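Coordinate analysis (summary)
Here's the letter readout for the chains.
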Amino acid sequence: MHAFDYARATEPSQALDLARRPDAAFIAGGTDLLQLWKAGIARPELMIDISRLALDIVKPRDDGIAIGALARLSDVADHPIVQARWPLIAEALNAGASAQVRNAATIGGNLLQRTRCAYFRSGDMPCNKRAPGSGCPAIGGENRSHAIFGGSPHCVATHASDLAVALAALDASVRVAGPAGSRLVGIGDFYLLPGDTPQRETVLGQGQLICAVDVPATAGRAAYVKVRDRASFEFAVVSVAADLVIDDGIVARARLAAGGVGTRPWRLTEAEAALIGERADAAAFDKAAAQASNGAEPLAHNAFKVELLRRTVRRALQVAGGKA
Amino acid sequence: MTDSSRQRVALALAINGRRHRVTIEPSTTLLDLLRDELGLFGTKKGCDMGACGACTVLVDGRRINACLALAVMQEGRDVQTIEGLAEGEALHPLQQAFVEHDALQCGYCTPGQIMSALGLIGEGRATDAAGIAEQMSGNLCRCGAHPNIVAAIAAYAGA
């Protein structure tokens, strides 16, 4: 296996300095990066260990919560204030991976995990994301797990994070640090569509680091519904995060995001719009769910996701709407 | 692959209460450190990709996949493996529960199952059989002993 050098960063500024090398990679939990390294997909010459940086703090405020990028998934899912005020985040985290992975993996790393597309993960078949210009065998091949939204002629791989779907529904922002300082990027702008550069997945530049995720307060009722091929430790076929604000029985605000269907976490804006001002009942949920797959572009083996998405949206609305 | 120009790093950590100092290549996983460098073969290599759980160990009391952890990143940590459980010939009560509930056939996954279960119990999540099954989903048993594994854990945890 590809050998690499190792450096342990003790301060964020030191980590950023070390990352000026273009062949360096940050490592924290390592649960995705080491899989990619073993498959020969990631070949860093220098691993910069950021796991001991003091970026693991979960800090609730009145108007939201800042979740440190190095907080472990299990610690965030177990945080009493996250569970009480942002249950969507706890539900999405607990729906992902295994207990062992959740104990090691970090919030920032979860957002940056690479796709589970089998052609990408193979390490040697053509893949425009891994080897730009080599082609996309998924488009004419095995594409049951691939995207019905956001694909391009170069890539149709889905984004695999459950957390990112919840954060998309909550209008979270990602705090990014680089040599030139830090900036806040809305989660809707953080992930890039594949277009003709599917190897670029986020707006993070070389040597930039996620420091934290900022999530605004929500008064909404939330649900995360994940449909998968086995009951646990499996990626989503389709998942939906719902956050509903209901006043006097009327939907005042609706936010819906889906996973397993898009090349990035996918907001379902037409279904959201169909809910606003409606009585929060089964008829309105059915009507909104019917809009969920508008604009979908299914492939040969994933057309079932078009209807499955509608049904998953309906279920998520029923669960969220049924909460007190 | 040995490349003489490559960096080697010093590492100090505790394994089953005993201090170890080693010099390793940075790319050595915690699993390979245990098995190849220290001769602790109880922790098993199944998939080596974090999918099967056979390599589960506790690091500072938390269960992780040793195959997806770099050894050098465990500097100063306290690692517990299956070798640390029995006292001489006396099995740990959870090991005894696995025997009594016939919770294994070939036994290859068993060290990982037991270490994962200890982690689960430490997390306070061993509430009922369904919860144990969900929380043990990171440990696969190709012999299909899962019902008895869950029963053994529930019996030990008093769930």
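Residues numbered from 1 in each chain as written. Chains lettered and ligands numbered in written order. Predicted model: local features only at pLDDT ≥ 70, side-chain atom pairs only at ≥ 80, totals over all residues. Heavy atoms only, no water.

Check the secondary structure of chain B and you find five helices and five strands. Reading chain B from its N terminus to its C terminus gives the helix and strand order β-β-α-β-β-β-α-α-α-α. Since a compact globule built from 159 residues should have a radius of gyration of about 15 Å, the 16 Å found for chain B is in line with a globular shape. With respect to the principal axes defined by its C-alpha atoms, chain B has extents near 50 × 30 × 25 Å. Burial status across chain B gives 53% buried among its 159 residues. Residue pairs at least 24 apart in sequence account for 56% of intrachain contacts in chain B once pairs closer than 6 positions are excluded. For chain B, the accessible area works out to roughly 7,100 Å², and carbon and sulfur atoms hold 49% of it. The centroid of the 13 positive side-chain charges in chain B is displaced by 6 Å from the centroid of its 17 negative side-chain charges. (Helix = DSSP H or I, 4+ residues; strand = E, 2+ residues; numbered from the N terminus. Rg over C-alpha atoms; globule rule 2.2 N^0.38 Å. Buried < 20%, exposed > 50% of the residue type's maximum accessible area, 1.4 Å probe, protein only. Contact = heavy atoms within 4.5 Å. Areas by Shrake-Rupley, 256 points an atom, 1.4 Å probe, with all protein chains shown as cover. Lys, Arg positive; Asp, Glu negative; His and termini not counted. Charge placed at Lys NZ, Arg CZ, Asp CG, Glu CD.)

In this section: the domain arrangement of chain B. Residues and elements named next belong to chain B. Segmenting chain B into domains produces domain 1 (9-84) and domain 2 (93-157). In this structure, domain 1 and domain 2 have C-alpha centres spaced 21 Å apart. Contacts between the two partners involve 15 residues from domain 1 and, on the opposite side, 16 residues from domain 2. Note on domain 1 versus domain 2: buried area summed over both sides is about 1,200 Å², and carbon and sulfur give 56% of it. For the pair domain 1 and domain 2, the interface holds eight residue pairs in polar contact (both at pLDDT 80 or more). (Domains from an automatic or database assignment. Buried area = accessible area lost by both parts, 1.4 Å probe. Polar contact = N/O pair within 3.5 Å; in protein donor to acceptor, adjacent residues only side chain to side chain.)

The subject of this paragraph is the interface of chain B and chain A. Contacts between the two partners involve 35 residues from chain B and, on the opposite side, 37 residues from chain A. The largest contributions to the chain B side of the interface with chain A come from Arg 6, Leu 68 and Met 73 of chain B, which together make up 23% of the buried area. Our enumeration of links across chain B and chain A arrives at five salt bridges. Here Arg 6 of chain B makes a salt bridge to Asp 5 of chain A, at a shortest N to O gap of 3.5 Å. For the pair chain B and chain A, the number of links is 21 residue pairs in polar contact (both at pLDDT 80 or more). Taken together, the elements giving at least two residues each to the side of chain B that touches chain A come down to strand 4 (62-65) and helix 4 (129-135) of chain B. Looking at the side of chain B that touches chain A element by element, the count peaks at four residues for strand 4 of chain B. In terms of residue class, the side of chain B that touches chain A is made up of 13 nonpolar, 13 polar and nine charged. (Salt bridge = Lys/Arg side-chain N within 4 Å of Asp/Glu carboxyl O. Nonpolar A, V, L, I, M, F, W, Y, C, P; charged D, E, K, R; others polar.)

What follows concerns the environment of Gly 64 of chain A. Residue and element names in this part refer to chain A. Along the polypeptide, Gly 64 turns up in strand 5 (residues 64-68). When the C-alpha atoms of Gly 64 and Arg 315 are compared, they prove to be 27 Å apart, with 251 residues separating the residues in sequence. In this view, Gly 64 contacts Lys 59, Trp 86, Val 215, Pro 216 and Ala 217; residues no more than four positions away in its chain are not counted.

On a regular strand, one side chain projects to one face of the sheet and the next to the other, so that they alternate. Residue and element names in this part refer to chain A. Among the 10 residues that make up strand 11 (residues 250-259), seven are buried, leaving the element largely enclosed by the rest of the structure. Direction of pairing for strand 10 (residues 238-247) relative to strand 11: antiparallel, over a ladder of nine bridges. Across the sheet, residue Asp 247 finds its bridge partner in strand 11, namely Ile 250. Note that strand 11 and strand 12 (residues 266-267) share two bridges and pair antiparallel. (Pairing = 2+ DSSP bridges.)

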